[in-house]
Amino acid sequence: NARRRIVLTGAAGGIGTMTRPLLAKLYPGLVLSDRVKPADLQPGETFVAADLTRPDEVAAVLKDADGVIHLGGHSVEGTWDQILQANIVGCYNVFEAAREAGVKRLIFASSNHAIGFYPRSKRIGTDLTVKPDSRYGVSKVFGEALGSLYSDKHGIGVTCFRIGNVGPMPLDVRRLSIWISPRDLVQLFQIGLDHPDLRYEIFYGASDNAAGWWDNSRAQQLGYRPQDKAEDHRVHAEAEQAKIGPDPVGDLFQGGTFCSAEFTNDV
Ligand code: 15L
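This section reports on the structure supplied with the text. (Residues numbered from 1 in each chain as written. Predicted model: local features only at pLDDT ≥ 70, side-chain atom pairs only at ≥ 80, totals over all residues. Heavy atoms only, no water.)

## What to know about the site of the ligand
Around the ligand sit Ser75, Val76, Ser111, Asn112, His113, Tyr136, Gly164, Asn165, Arg174, Arg175, Ile178 and Phe258, and that is every residue in its neighbourhood. Residue Tyr136 places a side-chain N or O atom 2.7 Å away from an oxygen atom belonging to the ligand. Asn165 places a side-chain nitrogen or oxygen 3.2 Å from an oxygen atom of the ligand. A per-element tally of the shell around the ligand places helix α5 (residues 173-178) first, with three residues. When its residues are assigned to classes, the shell around the ligand shows four nonpolar, six polar and two charged. (Near = heavy atom within 4 Å. Polar contact = N/O pair within 3.5 Å; in protein donor to acceptor, adjacent residues only side chain to side chain. Helix = DSSP H or I, 4+ residues; strand = E, 2+ residues; numbered from the N terminus. Nonpolar A, V, L, I, M, F, W, Y, C, P; charged D, E, K, R; others polar.)

What follows is the structure, given as structure tokens:
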């Protein structure tokens, strides 16, 4: 374990910043990558800059890597060109470089927005048709599909995490259903990198949330034991929600505002 070279893309982003200290303890020698150096880079941390739209730069970062945690990309809805470059071209470059480098395990940070148009009233697993709620959500479905291809065709063990919302606590009522703490997410990443039997999996990235919408039993079968519960922060989440007010479309669907943005359909 200690000798493996694990690369974290998107290391300077939101999730990268929250998980780096925990990952560094599990994977000594962790290689951090992003377009720009993290502002809080610590002595002893290794950083290699790469623009994911540049195949040569991605290949240089992934050379000799055993595992990749791919968080890099555009993390919310964007213009088609932003999504195309960062999340379609960039994601493809990462999978290709991983194949060429002989990477054994790849974690792909998918999102709840791959299934955002499921109604909040429905409990869902991972064995169902995707319902992306945005161009961003479509790009996450693309990454999940690439993961399936590279697992079947090239034998890379790929785990896709449909991450809810990562942070110290849930930000509003929707997040009471989808929140995940940084340490629970790191536990999931560890399963993706280390579980011996893994070929291709889709897990939900959620803590132990009583209001949850997702059946994450496959993650539990492989050992996931979340330590945190969104309900512990319900008072905070409801107080924040009261400041936001209603969203007649977004409030119906799991993806929230990603569903109501640009919406021209009837509900
Ligand atoms: C996501 O996929 C985004 O990366 C994040 O910024 C949040 O918007 C999150 O979903 C969410 O749904 O809360």
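## Re the pattern of salt bridges
Think of it this way: side chains of opposite charge can pair up when their charged atoms draw near. Enumeration according to the criterion identifies 18 salt bridges in this entry. Here Asp194 makes a salt bridge to Arg4, at a shortest N to O gap of 2.4 Å. With Asp194 in helix α6 (residues 182-194) and Arg4 in the segment before β1 (6-9), the pair connects residues that are 190 residues apart, well separated along the chain. Arg234 is the partner of Glu231 in a salt bridge, and the nearest nitrogen-oxygen pair spans 2.7 Å. Residue Arg234 is classed as partly exposed on the basis of its relative accessible area, which comes to 27%. Residues joined by salt bridges that share partners form a network here, namely Arg20, Asp40 and Glu45. (Salt bridge = Lys/Arg side-chain N within 4 Å of Asp/Glu carboxyl O. Buried < 20%, exposed > 50% of the residue type's maximum accessible area, 1.4 Å probe, protein only.)

## A few points about the nonpolar core
Membership of the largest hydrophobic core comes to 27 residues, with the highest contact counts inside it found for Leu8, Leu23, Ile69 and Phe189. Those elements giving two or more residues to this core turn out to be β1, β5 (105-111), β6 (157-163) and α6. Looking at this core element by element, the count peaks at six residues for α6. (Core = buried A, V, L, I, M, F, W, Y, C linked by side-chain atoms within 4.5 Å.)

## Observations concerning unusual backbone geometry
What you tend to see is this: most non-glycine residues have negative phi, and most peptide bonds are trans. Phi angles above zero are rare outside glycine, and Asp64 is one such case at about 65°. Secondary-structure assignment places Asp64 in the loop between α2 (55-62) and β4 (67-70). For Asp64, a relative accessible area of 55% puts it in the exposed group. Phi is positive for Glu262, close to 65°, though the residue is something other than glycine. You can see Glu262 is positioned in the segment after α9 (257-260).

## Quick word on the side chain of Ser207
Considering the arrangement of structural elements, one finds Ser207 in the loop between β9 (200-205) and α7 (217-221). Looking at Ser207, the relative accessible area reads 8%, which means it is buried. Here Asp184 takes part through its side chain, which lies 2.7 Å from a polar atom of the side chain of Ser207. Apart from residues no more than four positions distant in its own chain, Ser207 is found in contact with Trp179, Ile180, Ser181, Asp184, Tyr224, Pro226 and Asp228. (Contact = heavy atoms within 4.5 Å.)

## Considering helix α3 (residues 80-101)
In a regular helix each residue adds 1.5 Å, so 22 residues correspond to 32 Å; α3 covers 30 Å between its end C-alpha atoms and thus fits that length. Its axis deflected by about 30° at Gly90, α3 carries its strongest bend there. Looking at the buried residues of α3, the elements they touch are α2, β4, β5, α4 (135-154) and β6. Just downstream of α3 lies Gly102, where phi reads positive at about 75°. (Expected span 1.5 Å × (residues − 1). Bend = angle between axes of the 7 residues up to and from the residue.)

## Points about the packing of aromatic side chains
Enumeration over the complete set of coordinates arrives at seven aromatic pairs. Both rings, one in Phe95 and one in Tyr150, keep their centres 5.4 Å apart while their planes meet at 50°; by these two values the pair is tilted. Remark: Tyr150 occurs in helix α4 and Phe95 occurs in helix α3; sequence separation between them is 55 residues. Ring plane angle 65° and centroid distance 5.6 Å describe the contact between Phe161 and Phe189, whose orientation is recorded as edge-to-face. Pair noted here: Phe161 is in strand β6 and Phe189 is in helix α6, with a separation of 28 residues, a long-range link. Summarising the burial analysis for this pair, Phe161 and Phe189 share the class buried. Against the face of Tyr118 rests Lys131, its NZ or CZ located 5.7 Å from the ring centre. (Phe/Tyr/Trp six-rings, centres within 6.5 Å; stacked < 30°, edge-to-face > 60°. Lys NZ or Arg CZ within 6 Å of the ring centre and 35° of its normal.)

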